[in-house]
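Breakdown of the fold
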Amino acid sequence: QIRKIRKKMVEIMTKEAGTVQLRELVKKLIPEVIGKEIEKQTQGIFPLKDTHIRKVKIIKKPKFDITKLMELHGDGDGDAGVTMVVQGIFPLK
């Protein structure tokens, strides 16, 4: 029973983690959505209760998409820096 439950748990977690972005995965982990899904799927094997995910490990590095990063942070307009004067001696950038 333990091996069947563990196999089902790994299957559910890899399916959930593989289909969404990291941000959406965190949103699923916090309210225990995946834990409840594990409880539902394993009821036929053994009735589980209070199923929680306590540790998540990133095995494969996610793909880095520079265009999505630029969409999140914008083009950087407006905050280019200001010339400062220290004690009236010389300007700093």
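These figures come from a predicted structure and were not determined experimentally. (Residues numbered from 1 in each chain as written. Predicted model: local features only at pLDDT ≥ 70, side-chain atom pairs only at ≥ 80, totals over all residues. Heavy atoms only, no water.)

1. Some remarks on the overall build of the chain
Tallying secondary structure elements over the chain gives 4 helices and 2 strands in all. Along the chain direction, N to C, the helices and strands of the chain fall in the order α-α-α-α-β-β. Relative to its 93 residues, the chain shows a buried fraction of 11%. Of the contacts formed within the chain by residues at least 6 apart in sequence, a portion of 40% connects residues at least 24 apart. (Helix = DSSP H or I, 4+ residues; strand = E, 2+ residues; numbered from the N terminus. Buried < 20%, exposed > 50% of the residue type's maximum accessible area, 1.4 Å probe, protein only. Contact = heavy atoms within 4.5 Å.)

2. Considerations on the packing of helix α1 (residues 2-19) against helix α3 (residues 33-41)
It is the contact of α1 with α3, at a shortest axis distance of 10 Å, that shows an interaxial angle of 140 degrees. One element, α1, and the other, α3, form an angle in the oblique class. Relative to α3, the crossing made by α1 is right-handed. Every residue of α3 that contacts α1 at K8, M9, I12, M13 and E16 is listed here: I34, E37, I38 and Q41. When the residues that make up the contact of α1 with α3 are grouped by side-chain class, the tally is 5 nonpolar, 1 polar and 3 charged. (Axes fitted to C-alpha atoms, helices over the stretch in contact; angles between N-to-C directions. Parallel < 35°, antiparallel > 145°, perpendicular 65-115°, else oblique. Left-handed = near helix turned anticlockwise from the far one by under 90°. Nonpolar A, V, L, I, M, F, W, Y, C, P; charged D, E, K, R; others polar.)

3. Focus on α3
Along α3, the positions that sit buried rather than exposed are I34, G35 and I38. The arc enclosing the buried residues of α3, seen along the axis, measures out at 105 degrees, which places them on a common side. (Arc of directions from axis to C-beta.)

Everything listed here is a matter of coordinates, which is why it stays silent on function.
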